[in-house]
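# Analysis of the macromolecular model
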Protein chains: 2
Amino acid sequence: MRLLPQPAIEDIQLTEVLHALADPARLEVVVKLATEVELTCRGVGEAIGLHKSTLSHHYRVLRDAGVVSTRQEGRQKFMTLRKGDLDDRFPGLLDSVIGAAG
Amino acid sequence: MRLLPQPAIEDIQLTEVLHALADPARLEVVVKLATEVELTCRGVGEAIGLHKSTLSHHYRVLRDAGVVSTRQEGRQKFMTLRKGDLDDRFPGLLDSVIGAAG
DNA sequence: CGTATAGTTGGATTGTTGTCAAACCTTCCA
DNA sequence: TGGAAGGTTTGACAACAATCCAACTATACG
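A short tour of the structure in this document, coming up. Keep in mind the model is a prediction, meaning the values are calculated, not measured.

## Some words on the sheet that holds strand 3 (residues 68–73) of chain A
Residues and elements named next belong to chain A.
- On the basis of which strands lie adjacent, the open sheet formed by four strands has the order 1-3-4-2 and antiparallel pairing. Both outer strands of the open sheet, strand 1 (2–3) and strand 2 (39–40), are each paired with one neighbouring strand and no more.
- Sheet topology places strand 1 next to strand 3; two bridges connect them, and they run antiparallel. Of the residues in strand 3, the one forming a bridge with Leu3 is Arg71.
- Along the sheet, helix 2 (residues 24–36) contacts strand 2, strand 3 and strand 4 (76–81); its crossing angle with strand 4, the most-contacted strand, is approximately 85 degrees.

Put into structure tokens, the structure is as follows:
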């Protein structure tokens, strides 16, 4: 039930978010999270076809940028989009990206 | 009055656009273009404080991604945001990015 | 306790990016 | 015709990024 470290809302940087979203694999993760509400890392990465360590790297980029939140429960980690936080900070951005990608 | 080569609307890729916007210098250029309608490369780059060849490189990235359009007139080049094209292809994206950055 | 499961970390590799400097190309103008 | 002005290209370089593999940690289960 532990929450992994993540930037505070006011520390989320636009260029970092854009960079995080500018990778096809990460964008796919985000689109998946937008429809599925919450997923384990395994669940998110299953369809993408990358090595699990590569995916772990992408999850970290997304988390460090403030795009996703990760909660550990037992040996699984559940990720959610920080949609509310992002909407507060950069109104409309996430929706337009997800709309454009999906 | 020559228009420099640029991708067709349907060839504009979301990840490329995001990548183009994910650099602070390029984002500054875009924000400037959003308020000024049209500017020469010199005019855009003046406030940014980078070498002109570096700026030229950034202009190219923006143009290749489909974010800006460049028109040559005499020895100057005027850049404009491809706002209409981007709005058609990725509705709301540009506005939210500019709003967040500006 | 031993083993499987879920993810992370470190190293290696390969490729991309941001930056500058110097040389270059075009166009204008005196 | 010879500069000057406005950009581009090329080369160099350091920093970063995406990927894989192998080794690791931590939790759960039998």
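## Side note on the protein's contact with DNA strand D
- As a structural note, the neighbourhood of DNA strand D is formed by 20 residues, with Ser53(A), His58(A), Arg42(B), Lys52(B) and Ser56(B) the closest of them.
- Restricting attention to atoms of DNA strand D within 4 Å of the protein, one finds that 63% of them are sugar or phosphate atoms.
- Between His57(A) and DNA strand D, the recorded distance is 3.0 Å, taken from a side-chain N or O atom to a phosphate oxygen.
- Between DNA strand D and the protein, one listed contact pairs a phosphate oxygen with a backbone N or O atom of Arg42(B) at 2.9 Å.
- Elements with a contribution of two residues or more to the surface near DNA strand D: helix 4 (52–65) of chain A together with helix 3 (41–45), helix 4 (52–65) and strand 4 (76–81) of chain B.
- The dominant element in the surface near DNA strand D, judged by the number of residues it contributes, is helix 4 of chain A, at four residues.
- When the residues that make up the surface near DNA strand D are grouped by side-chain class, the tally is two nonpolar, eleven polar and seven charged.

So, how was this worked out
Residues numbered from 1 in each chain as written. Chains lettered and ligands numbered in written order. Predicted model: local features only at pLDDT ≥ 70, side-chain atom pairs only at ≥ 80, totals over all residues. Heavy atoms only, no water. Pairing = 2+ DSSP bridges. Helix = DSSP H or I, 4+ residues; strand = E, 2+ residues; numbered from the N terminus. Contact = heavy atoms within 4.5 Å. Axes fitted to C-alpha atoms, helices over the stretch in contact; angles between N-to-C directions. Near = heavy atom within 4 Å. Polar contact = N/O pair within 3.5 Å; in protein donor to acceptor, adjacent residues only side chain to side chain. Nonpolar A, V, L, I, M, F, W, Y, C, P; charged D, E, K, R; others polar.

Distances and angles like these do not, on their own, reveal function.
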